[in-house]
Protein chains: 2
Amino acid sequence: MAKNVSQSVIKRLPRYYRFLIDFEKNGISRISSGGLAEKMGLTASQIRQDLNCFGGFGQQGYGYNVPELSREIAEILGINRRVGAIILGAGNLGRAISTHMSFEKLGFNLIGIFEKKEAIVGQMVNGLPVRSISGLDEFCRSYKPQVAVLCIPQDEAEKAITQLLKLGIKGFWNFSHYDFNEKFPDVPVENVHLSDSLMTFCYKIKEYGENNK
Amino acid sequence: MAKNVSQSVIKRLPRYYRFLIDFEKNGISRISSGGLAEKMGLTASQIRQDLNCFGGFGQQGYGYNVPELSREIAEILGINRRVGAIILGAGNLGRAISTHMSFEKLGFNLIGIFEKKEAIVGQMVNGLPVRSISGLDEFCRSYKPQVAVLCIPQDEAEKAITQLLKLGIKGFWNFSHYDFNEKFPDVPVENVHLSDSLMTFCYKIKEYGENNK
DNA sequence: AAAAAATTGTCAAATTTTTATCAATAAATT
DNA sequence: AATTTATTGATAAAAATTTGACAATTTTTT
């Protein structure tokens, strides 16, 4: 089905999906590549070519059917599944992620939150009890989560990743500063390096300031 | 000084910086493009070309001096400044960002946190009092923050952005689902679309699963 | 001090990504 | 029912990005 799909295309899919869901909510049932391009600040050509990696979802003279296209993209991304997920680290960030993210709408099923600091263990977060990291092995053997969200400090990451891989974890949504590349180059990981983003923001602000003196 | 620097290069700079700071911490004072490439999973050629956009920081036969190079990149990114920043939204995410991020090490000075829900107003977060959104105008006129971190719901974003722009805010670190493109195409914004990232992660897991049956 | 090894910065080639073009076809209009 | 308009999917062209190659130069070794 899918042609040779580049990472650039994949990275754009969630944004397409976001816009399409928004259209659906607003009762817009039809959109042309040109119309979408204008809203998104892209070229119509790029949108058509992106979508065509996965199939001809449009119709000449008409455009794209919004609900149909959003369904197709959801299918491509795989967000209609329920992949078991656990969070490691119930600090500020871990708790915020667990309450803030709609895991269930985005392909996952959050089934456990683990924390090293015993003081936090037992607290309820988003309807789930914070569990002691000491029970991680047993929990994983029982409930077989497939992915882990890393909200732990950088220096605890390597040990945790090694342990989790042994327990059958297949991928990581990584909020830690740890870089998988060196030791785990082939493990599926999606990084959210907030510090990198903040630095990029810093550069943008500086650049904007310099160009608008 | 800087040649025509592409966005691709800029996006890689924070990661270079992260690795260099790590080297410094570990007492590594010298690194070649080849050595760095191996650690980072890039090509030596790319690293040399990236750095050369900003100047010849290396030395033939020797490589790059780690502290010097990290200083240079910090300078390029502008993280040695202290740009005044406020956070809008003291929900789970806003509070997590304010406590979790080292704003001071990354070019910013967090001076205020604002929240609509009066129940939260007055709480202390990371040494700062959560202020009522009703005092935003006055605060901005007094303290002149230059950037805002948006941790508010999508449907409150547009109004807030309009207000903040009038108050002199120059850029946004945007955690909301709101997309600036349509209404504010020229405003400096760095998006952290966590949902997009989670969807991308979902795709990666699915793809990995399909290739490793 | 000379020779060998290491490594950069630059230029050119290769590859990837984006954009433009256009025939084909469906929808809308007359 | 015929004509015009809109719009896709595909192909080709253009632009951007990445990689390879190598002279120049410094460091290290002998």
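Residues numbered from 1 in each chain as written. Chains lettered and ligands numbered in written order. Predicted model: local features only at pLDDT ≥ 70, side-chain atom pairs only at ≥ 80, totals over all residues. Heavy atoms only, no water.

**Student:** Please give an account of the relation of the copies chain A and chain B that cites residues and values.
**Tutor:** With an RMSD of 0.0 Å, the operation that places chain A on chain B is a rotation of 180° combined with a shift of 0.0 Å along the axis. Expressed as a symmetry operation, the mapping of one chain copy onto the other fits a two-fold axis. The rotation axis passes nearest to the C-alpha of A:Ala96 in chain A, at a distance of 3.1 Å. Mapped onto chain B, 100% of the interface residues of chain A are again interface residues, and the two copies thus contact each other with one and the same surface. (Least-squares fit on C-alpha atoms with pLDDT ≥ 70 in both. Contact = heavy atoms within 4.5 Å.)

**Student:** Now, about the pairing of strand E5 (residues 108-115) of chain A: what can you tell me, with residues and values included?
**Tutor:** Residue and element names in this part refer to chain A. Burial analysis of E5 places six of its eight residues in the buried class, which makes it a mostly covered element. Of the strand pairs in this sheet, strand E4 (residues 83-88) and E5 are connected by six bridges, and their pairing is parallel. Counted as the bridge partner of Ala85 is Leu110 from E5. Assessed by its sense of winding, the connection that carries the chain from E4 through helix H5 (residues 92-100) to E5 is right-handed. With three bridges connecting them, E5 and strand E7 (residues 128-132) associate as parallel partners. Note that in E7 the partner of Glu115 across the bridge is Ser132. (Buried < 20%, exposed > 50% of the residue type's maximum accessible area, 1.4 Å probe, protein only. Helix = DSSP H or I, 4+ residues; strand = E, 2+ residues; numbered from the N terminus. Pairing = 2+ DSSP bridges. Right-handed = clockwise from strand over helix to strand, strands pointing away.)

**Student:** Describe the pattern of salt bridges, listing the residues and the values that go with them.
**Tutor:** Within the structure shown, the criterion is met by 18 salt bridges over all chains. The partner of B:Glu158 in a salt bridge is B:Lys183, with the nearest N and O atoms 3.1 Å apart. On the criterion of sequence distance, the pair formed by B:Glu158 in helix H7 (residues 154-166) and B:Lys183 in the loop between strand E9 (171-174) and strand E10 (189-191) is long-range, its members being 25 residues apart. Note that B:Lys206 is salt-bridged to B:Glu210, the shortest N-O span being 3.9 Å. Within this pair, B:Lys206 and its partner B:Glu210 are both found in helix H8 (residues 194-211), separated by four residues, close to a single helical turn. Under the relative-accessibility criterion, B:Glu210 is labelled partly exposed at 43%. Among the ionic contacts, a cluster of salt bridges with common partners joins A:Arg15, A:Arg18, B:Asp179 and B:Asp196. (Salt bridge = Lys/Arg side-chain N within 4 Å of Asp/Glu carboxyl O.)

**Student:** Requested: an account of the protein's contact with DNA strand D, with residues and values cited.
**Tutor:** In the vicinity of DNA strand D lie 28 residues, with A:Ser33, A:Asn52, A:Tyr64, B:Gln49 and B:Gln60 positioned nearest. The protein-proximal atoms of DNA strand D, defined as those within 4 Å of the protein, are 62% sugar or phosphate. One of the side-chain nitrogen or oxygen atoms of A:Tyr64 is found 2.8 Å away from a phosphate oxygen of DNA strand D. Contact distances for DNA strand D include 3.1 Å between a phosphate oxygen and a side-chain N or O atom of B:Thr43. For the surface near DNA strand D, the secondary-structure elements that each account for two or more residues are helix H3 (44-52), strand E2 (58-59) and strand E3 (63-65) of chain A together with helix H1 (7-25) and helix H3 (44-52) of chain B. For the surface near DNA strand D, the element with the highest residue contribution is H3(B), accounting for four residues. Taken together, the residues that form the surface near DNA strand D break down as four nonpolar, 19 polar and five charged. (Near = heavy atom within 4 Å. Polar contact = N/O pair within 3.5 Å; in protein donor to acceptor, adjacent residues only side chain to side chain. Nonpolar A, V, L, I, M, F, W, Y, C, P; charged D, E, K, R; others polar.)

**Student:** Can you break down the packing of aromatic side chains residue by residue, with the values?
**Tutor:** Each aromatic ring pair is described using two quantities: the centre-to-centre distance and the angle formed by the ring planes. Applying the stated criterion to the full structure yields 18 aromatic pairs over all chains. With a centroid separation of 5.1 Å and 75° between ring planes, the pair formed by B:Phe114 and B:Phe139 is classed as edge-to-face. Taken together, the residues B:Phe114 in strand E5 (residues 108-115) and B:Phe139 in helix H6 (residues 136-143) connect sequence positions 25 residues apart. One exposure class covers both B:Phe114 and B:Phe139, and it is buried. When the centroid spacing of 4.7 Å and the interplanar angle of 45° are considered together, the rings of B:Phe139 and B:Tyr143 count as tilted. Of this pair, B:Phe139 and B:Tyr143 both sit in helix H6, four residues apart, which is roughly one turn of the helix. On the basis of relative accessibility, which here comes to 6%, the residue B:Phe139 falls in the buried class. The exposure class assigned to B:Tyr143 is exposed, which follows from its relative accessible area of 55%. Aromatic rings pair up to connect A:Phe172, A:Tyr178, A:Phe180 and A:Phe184 into one cluster. (Phe/Tyr/Trp six-rings, centres within 6.5 Å; stacked < 30°, edge-to-face > 60°.)

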